[in-house]
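Here is what each chain is made of, one letter per residue.
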Amino acid sequence: MVRTTETSTDQTEEMNADCLFCKIVAGEIRTEMVAESDTAVAFRDINPKAPVHVLVVPRSHHADVSALAGADPQALADVIGLADQVASDLADGQYRLICNVGPKAGQTIFHAHAHVLAGTQLSGF
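The rules behind these values
Residues numbered from 1 in each chain as written. Predicted model: local features only at pLDDT ≥ 70, side-chain atom pairs only at ≥ 80, totals over all residues. Heavy atoms only, no water. Salt bridge = Lys/Arg side-chain N within 4 Å of Asp/Glu carboxyl O. Helix = DSSP H or I, 4+ residues; strand = E, 2+ residues; numbered from the N terminus. Buried < 20%, exposed > 50% of the residue type's maximum accessible area, 1.4 Å probe, protein only.

**Student:** For this particular structure, what's the right way to read the pattern of salt bridges?
**Tutor:** Pairing between side chains of opposite charge can happen when their charged atoms approach one another. Applying the stated rule across the entire model yields two salt bridges. Glu-32 serves as the salt-bridge partner of Arg-44, at 3.0 Å between the closest nitrogen and oxygen. With Arg-44 in strand S2 (residues 40-44) and Glu-32 in the loop between helix H1 (20-25) and strand S1 (33-36), this residue pair connects regions lying 12 residues apart in the sequence. Under the relative-accessibility criterion, Arg-44 is labelled partly exposed at 26%. Here Glu-32 falls in the partly exposed class, since its relative accessible area comes to 46%. Here Arg-59 and Glu-36 are joined by a salt bridge, their closest N and O atoms 2.7 Å apart. Here Arg-59, found in the loop between strand S3 (52-58) and helix H2 (65-71), pairs with Glu-36, found in strand S1; they are 23 residues apart in sequence, far enough to count as distant. Residue classification places Glu-36 among the exposed positions, given a relative accessible area of 54%.

Set out below in structure tokens:
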């Protein structure tokens, strides 16, 4: 995975040439897309933690979901709506939605995204 040192106060531009997820959104890197909307795309995680593990990514670049919420709350709502659609389409509609904000929370790609985990009984926190 690509690691950067950006934080939530960094880049909030339309696209970032060095960002893995921006390259996926632009079609420069192929991946297994499972859903898309005008503002977001959803694709399978390359290192799944559940039978259904999909990343939902806004098309615009924001370092994390906090930056996305501040800059474009509707885009964040669209990410969550697409996550719900993915869980309904690929599982039974029950899912865990995880957004890591910052490296201490486990964020390794600094483009806002949500993990949709579903398809099995998930252990608790």
